[in-house]
Amino acid sequence: MFDRAQQLANRIKKAEQIHIVTHIDADGIAAGGIALQTLERLGKDVSIECVKQLDEGVMSRLLQARYQLVWFTDLGSSISTDYPKLTKVITDHHTCSEDSDLPFHLNPHLFGFDGSYDLSGAGTTYLVARAIDAANTDLAGLAIVGACGDLQDRRFCGLRGTNQMVVDEGISAGVLERIMDIRFFGRETRPIVKLLTYASDPIIPGLSRREDACTQFLEDLGIRVREQMEFRRWIDLSSDERHTVLSALFKLLLDKGFGAKYAERILGETYLLSREEPGSELHDAKEFATLLNSTARYGKHDVGLNVCLGDRQVWLDRARNLLRGHRQNLVEGLQVAHDEQITRLNTIQFFHAHSGIRDTIIGIVTNMLLNTEEVDRSLPLLGFAETKEGDIKVSARTTQTLVNQGVNLSAAIKHAAQQVNGVGGGHNIAAGATIPKGAEDAFLGFMDTEIARQLAL
Ligand code: C5P
Ligand code: C5P
Ligand code: ZN
């Protein structure tokens, strides 16, 4: 991977004018931020755009624009063997075929690693940045924000493989810290009651989604949920108080019959950006990623990119405003999914949000839904939503247990989408597609058959 990164670095150094094309999620924005800073430091003539996917419209526009070099980050593996007239480098981590093992394509899958947890789009881009100049290891923080945005720490309650090397380099560069702490989202910014109420991995029966029960639970432990008028956050608790809460949560899960392996998921590696303000939305890598998701998924990629480039004033304020809207949309999205109800087929289950959930956040909602008590986790979950263009966006999510049993959503969705003139891909545990409106039933039939085949049923 280092040799391939060096090959890409050499191509980039030779070009004067470079156009970056990246993905609209947190990992994509972090990847774009790394590429942008790397090229600006080299004094290149650089431009950037963010896209939902590389469809024919995007590709024909890129071809016509005649850029000297196009750098695809967090996407591109699907077109790596096509468009020979387009001079390109690709730093991606989506599953790809062996024939895409080309000198301009860096992807962990080409080197025997799994791009769903070993390295993200931002991490792959970072490998090229550090090959261009060793001083670029200060961009390791963004690479870890990207990895956390893609939930790469989920499988092992911490990052593994190449990602760990990136963390080590970030620590050496003074931009990252690695600590063991509670894994629930919002350690630094959410009131502790909310942190517990929205706990989803692991779910805490009796507490998850029950705000009153969470308040009671904390009060019974003697933990004040407010300090005068201010709600206390996890980071406001003393280390004794944190220990008390963690022990009580652990005991609660064991008492309810969950094994230690499940209960232990409460704790995990947490990555902090040393140069950010503690208690801000940017200090914890997971929270930083959520802030980025609040921008580009709503067409405001310039906001996220400027935050990645270091703006902590106007652009950060804008990002904070967008974050409020994003949180609201996720809560409403979950409600829509709940109202629409989930339909079960043989090997999959699905819900259709129609125009009730934006196509750009249907994946996040599907993911959250699969991590609630109401949803049966023994079947992959698919969410459908209408796009502005009048197509249908599909997001599919499954569990590590099903992946271990042979489920590969990326392969299944790619096949099923192709059968109905759509396009799809992604990772074994999380994949997506765009299909024509009206093709949902046929698509579901192909998915159902394909997953049954993967499970050898
Ligand atoms: O396009 P990209 O690769 O950046 O997106 C990865 C997607 O996979 C994210 O939406 C992330 O939530 C999902 N994922 C997941 N569970 C994992 C790893 C990734 O849901 N264990
Ligand atoms: O959009 P969503 O979050 O559901 O995407 C899940 C994964 O599938 C992401 O890694 C995304 O990049 C990928 N995907 C893809 N092709 C599509 C749609 C999504 O490779 N058409
Ligand atoms: Zn990614």
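Computed from a predicted model, the values in this text were never measured in an experiment.

Scoring rules and cut-offs
Residues numbered from 1 in each chain as written. Chains lettered and ligands numbered in written order. Predicted model: local features only at pLDDT ≥ 70, side-chain atom pairs only at ≥ 80, totals over all residues. Heavy atoms only, no water. Donors = N, O, S within 2.8 Å, 3.2 Å for Na, K, Ca; no water. Helix = DSSP H or I, 4+ residues; strand = E, 2+ residues; numbered from the N terminus. Buried < 20%, exposed > 50% of the residue type's maximum accessible area, 1.4 Å probe, protein only. Pairing = 2+ DSSP bridges. Domains from an automatic or database assignment. Contact = heavy atoms within 4.5 Å. Buried area = accessible area lost by both parts, 1.4 Å probe. Salt bridge = Lys/Arg side-chain N within 4 Å of Asp/Glu carboxyl O. Polar contact = N/O pair within 3.5 Å; in protein donor to acceptor, adjacent residues only side chain to side chain. Nonpolar A, V, L, I, M, F, W, Y, C, P; charged D, E, K, R; others polar. 1 Å grid on protein atoms, 1.4 Å probe; cavity = no way out; pocket = protein on both sides within 12 Å on 5 of 7 lines; lining within 4 Å. Points joined across faces, edges and corners; volume = space filled by probe spheres on them. Near = heavy atom within 4 Å. Areas by Shrake-Rupley, 256 points an atom, 1.4 Å probe, with all protein chains shown as cover. Core = buried A, V, L, I, M, F, W, Y, C linked by side-chain atoms within 4.5 Å. Axes fitted to C-alpha atoms, helices over the stretch in contact; angles between N-to-C directions. Parallel < 35°, antiparallel > 145°, perpendicular 65-115°, else oblique. Left-handed = near helix turned anticlockwise from the far one by under 90°.

**Regarding the coordination of the zinc ion (ligand 3)**
And then number 1: Protein coordination at the zinc ion (ligand 3) comes from Asp27 (OD), Asp74 (OD), His93 (NE2) and Asp150 (OD), with a distance range of 2.1 to 2.2 Å.
And then number 2: Linear spacing of the donor residues for the zinc ion (ligand 3) on their chain is D-x46-D-x18-H-x56-D. Linking Asp27 in helix 2 (residues 26-41) with His93 in the loop between strand 4 (88-91) and strand 5 (105-106), this pair joins segments that are 66 residues apart in sequence. As far as the burial class goes, Asp27 and His93 line up, both buried.

**Overview of the pairing of strand 3 (residues 69-73)**
And then number 1: Counted residue by residue, strand 3 has five buried out of five residues, so it is predominantly covered.
And then number 2: The alternating pattern of strand 3 places Leu69, Trp71 and Thr73 on one face and Val70 and Phe72 on the opposite face, and all of these are buried.
And then number 3: Direction of pairing for strand 1 (residues 17-23) relative to strand 3: parallel, over a ladder of five bridges. Residue pairing in the sheet places His19 in a bridge with Val70 of strand 3.
And then number 4: Two strands pair when backbone bridges link them, and strand 3 and strand 4 are joined in this way by four bridges, in the parallel orientation.

**What to know about the domain arrangement of the protein chain**
And then number 1: Each domain of the protein chain was delimited in the assignment, giving domain 1 (192-333) and domain 2 (340-454).
And then number 2: One C-alpha centre belongs to domain 1, the other to domain 2; they are set 27 Å apart.
And then number 3: Opposite the twelve residues of domain 1 that make contact, domain 2 presents eleven residues.
And then number 4: Both faces combined, the contact of domain 1 with domain 2 buries some 1,100 Å², and carbon together with sulfur accounts for 62% of it.
And then number 5: Its largest share of buried area at the contact with domain 2, domain 1 owes to Ile203, Arg297 and Leu330, together 45% of the area lost on that side.
And then number 6: Taken together, domain 1 and domain 2 are joined by zero salt bridges.
And then number 7: On inspection of domain 1 and its partner domain 2, the count reaches one residue pair in polar contact (both at pLDDT 80 or more).
And then number 8: The element contributing the most residues to the side of domain 1 that touches domain 2 is helix 13 (residues 314-340), with four residues.
And then number 9: Residue composition of the side of domain 1 that touches domain 2, grouped by class: four nonpolar, six polar and two charged.

**Focus on the layout of surface pockets**
And then number 1: Each pocket or cavity is described by its volume, and for the second largest pocket that value is around 270 Å³.
And then number 2: Around the second largest pocket, the lining comprises 17 residues; the ones closest to its centre are Asp138, Leu142, Glu276, Cys308 and Arg312.
And then number 3: Elements with a contribution of two residues or more to the lining of the second largest pocket: helix 2, helix 5 (140-149) and helix 12 (301-308).

**As for the site of ligand 2**
And then number 1: The environment of ligand 2 is formed by 15 residues, the closest being Gln53, His94, Lys393, Ser395 and Arg397.
And then number 2: At 2.7 Å from an oxygen atom of ligand 2 is found a side-chain nitrogen or oxygen belonging to Arg397.
And then number 3: Burial of ligand 2 by the surrounding chains reaches 81%, relative to a free accessible area of 450 Å².
And then number 4: At the level of secondary structure, the elements contributing two or more residues to the shell around ligand 2 comprise strand 13 (392-397), strand 14 (423-426) and strand 15 (430-435).
And then number 5: Taken together, the residues that form the shell around ligand 2 break down as four nonpolar, nine polar and two charged.

**So, the site of ligand 1**
And then number 1: The full set close to ligand 1 counts 15 residues, and Asp25, His94, Asp150, Asn367 and His427 are the nearest of them.
And then number 2: Here an oxygen atom of ligand 1 sits 2.8 Å away from a polar atom, N or O, in the side chain of Asp25.
And then number 3: Measuring from an oxygen atom of ligand 1, one finds a side-chain N or O atom of His427 at 2.6 Å.
And then number 4: Taken by itself ligand 1 offers 470 Å² of open surface, and the protein chains cover 91% of this.

**Side note on the pattern of salt bridges**
Oppositely charged side chains can pair when the atoms bearing their charge come close.
And then number 1: In this structure the tally under the stated criterion is 27 salt bridges.
And then number 2: Here Arg4 ties to Asp101 by a salt bridge, and the two come within 2.9 Å at their closest N and O atoms. Taken together, the residues span a long stretch of sequence, with Arg4 in helix 1 (residues 2-14) and Asp101 in the loop between strand 4 and strand 5 at a distance of 97 residues.

**Here we look at the nonpolar core**
And then number 1: By size, the foremost hydrophobic cluster in this structure holds 73 residues, and its most contacted members are Ile12, Leu54, Phe72, Val128 and Ile144.
And then number 2: Non-local contacts of Val128, meaning those with residues more than four positions away in its chain, are made with Ala5, Leu8, Ala9, Ile12, Trp71, Thr91 and Leu106.
And then number 3: Listed in part, the 24 residues of the second largest apolar core include Val193, Leu196, Ala199 and Leu246.

**Points about the sheet that holds strand 1**
And then number 1: Judged by pairing direction, the sheet is parallel, and its five strands sit side by side in the order 2-1-3-4-5 without closing on themselves. The sheet is open, and its two edges are formed by strand 2 (45-51) and strand 5, each paired on a single side.
And then number 2: Together, strand 1, strand 2 and strand 3 form the strand contacts of helix 3 (residues 56-65), whose direction differs from that of strand 2 by roughly 165°.

**Observations concerning the packing of helix 13 against helix 14 (residues 362-370)**
And then number 1: One can describe the packing of helix 13 onto helix 14 by two numbers: an axis separation of 10 Å at closest approach and a directional angle of 60°. As the angle between them shows, helix 13 and helix 14 are arranged oblique. The interaxial crossing formed by helix 13 with helix 14 has right-handed handedness. Across from His326, Leu330, Gly333, Leu334 and Ala337 in helix 13, the residues of helix 14 making contact are Ile364, Val365, Met368 and Leu369.
And then number 2: Here the contact of helix 13 with helix 14 is built from residues that sort into seven nonpolar, two polar and no charged.

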